[in-house]
Amino acid sequence: MRRFGFCSLALVIGWFLVCVLVALAQKPSPSADAKPAASSGKTALEIHDGERLFHTHCGRCHNPPEDLSPREARAVVRQMKVRANLSDKDERALLKFLAP
Amino acid sequence: MQPILAPVFAAPVGNRWLFESRVDLRELIFQPARSGPYQHQFFDTIEYAQVDYNAAPWLTIVAGRFLTPFNMYNERFTAVWIRNLQDAPIIFPVGTRTNGYSDGFMARGVLLSRKEYELYYTAYFSTFTTINKLESGRSAGGRAAIFFPSTRLELGVSYQRLLQDQRTNSVGAYLSWQPGSVPLALRGEYAHSPLGQGYWIEGAYRFSRFRGPDSVLGRLQAVGRAQQFVHGTPDLTGALPSTNVQRAEFGWNYYLPHEVRLNASYGREFSPAGDRNVWNFAVTYRFLFPMFPGRSQAQP
């Protein structure tokens, strides 16, 4: 049974190492999980900044929330500003991305 | 089985203030004996209820009840809708004083911000309190981390000094890496205290490269986690195992539309006290709504 334990642990550690190798073997590309943002009233550049920030900071832990209203986005981003150590500028850019 | 309701309240005031809280309400339904009747027990916990003041770009002051910032799991992954595997790591009680909550003050922010890297810090003091639902121990500690935005690699170290009873020290280190090239998340933590030491490592791969994140296959995520714990002096709270433990876990997450997520995982735990299987099946649903009528403008 002890051997089975080591095998299971080795399997998971193997999975971890495979993940590392896959990551190292890939070339950088834009985020595949980023939420597509509309561009109503905002410049594409500002929204792109927000998307990049989301990918860099927020996307490390969770997916982008769906269908946030501007008021909801303000509360969510303010909360994440504390958690993820974001600047005022980052906060504004994220708001434009999440609730354009 | 345990249905959980975890409401989060967040109220930004002006450009610098935020009131936020999270409560965990759960009903544990269990069968004490294999053929006996089912019983149930209700738990309600205030996980955090804090005021945040953004004093400067490099300083946010937090007061109230907050999640103890030891390593990364407690602050980032205790929310049921975020964690990849529903069970907390075995070493979770190390450095978080069992329950993971502190009552006191915390200072945190970005010490240095460059294009290539960012330096984060957190320092806190928690007071001893026996107030119902707000129990906490007296402790002080901190965390420092360096984050490389281009590679999304974060390395951090933590320290906590328990300022009551046996006055023990806990130390920890963590790694988090989400390479930009693939939808992959690699995380790990190590923690040490007189009660024991251990680590966990986790790899999660989402198949979003297969016809996009919203395709049938792209919504699927595979997760694996390995853990090992070596016990030290006996833990009187019972939060940590009293024997050496190894655990391997595999799981699948499926991200449905409208913030619904299905989770299934299997783990096998090995210890001198007896091996056992750990199964988890979960459905999480996250939704948001404004509590009060107000302005519709988002910009501060």
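Preceding block: the structure.
Residues numbered from 1 in each chain as written. Chains lettered and ligands numbered in written order. Predicted model: local features only at pLDDT ≥ 70, side-chain atom pairs only at ≥ 80, totals over all residues.

Draft legend 1. Structural view of the nonpolar core. Counting residues in each nonpolar core, the largest one holds 20 residues, and the members touching the most others are Ala73, Val76, Val77, Met80, Leu94, Leu95 and Leu98 of chain A. Secondary structure elements with two or more residues in this core: helix H2 (44-56), helix H3 (70-83) and helix H4 (88-98) of chain A. No other element matches H3 of chain A, which puts six residues into this core. In this structure, Phe92, Ala191, Leu195 and Trp200 of chain B belong to the second largest nonpolar core, which totals 17 residues. (Core = buried A, V, L, I, M, F, W, Y, C linked by C-beta atoms within 7 Å. Buried ≥ 20, exposed ≤ 12 C-beta atoms within 10 Å, placed from the backbone. Helix = DSSP H or I, 4+ residues; strand = E, 2+ residues; numbered from the N terminus.)

Draft legend 2. The arrangement of the environment of Leu28 of chain B in detail. All names here are of chain B. As for its placement among the helices and strands, Leu28 is situated in strand S3 (residues 17-30). The partly exposed category is assigned to Leu28, around which 13 C-beta atoms lie within 10 Å. With 25 residues separating them along the chain, Leu28 and Pro3 place their C-alpha atoms 7.3 Å apart. The residues contacting Leu28, other than those within four sequence positions of it, are Gln2, His40, Gln41 and Phe43. (Contact = placed C-beta atoms within 7 Å.)

Draft legend 3. Seen up close, the pairing of strand S15 (residues 260-270) of chain B. Residue and element names in this part refer to chain B. Pairing of strand S14 (residues 245-256) with S15, which is carried by 11 bridges, proceeds in the antiparallel orientation. Across the sheet, the residue bridging to Leu256 is Val260, located in S15. Counting the residues in the hairpin turn of S14 and S15 gives three residues, including His258, whose phi is positive at 60°. As paired elements, S15 and strand S16 (residues 276-285) share 10 bridges and run antiparallel to each other. Residue pairing for S16: Ser265 is matched across the bridge by Asn280. Between the end of S15 and the start of S16, which pair antiparallel, lie five residues, with Gly274 showing a positive phi angle near 130°. (Pairing = 2+ DSSP bridges.)

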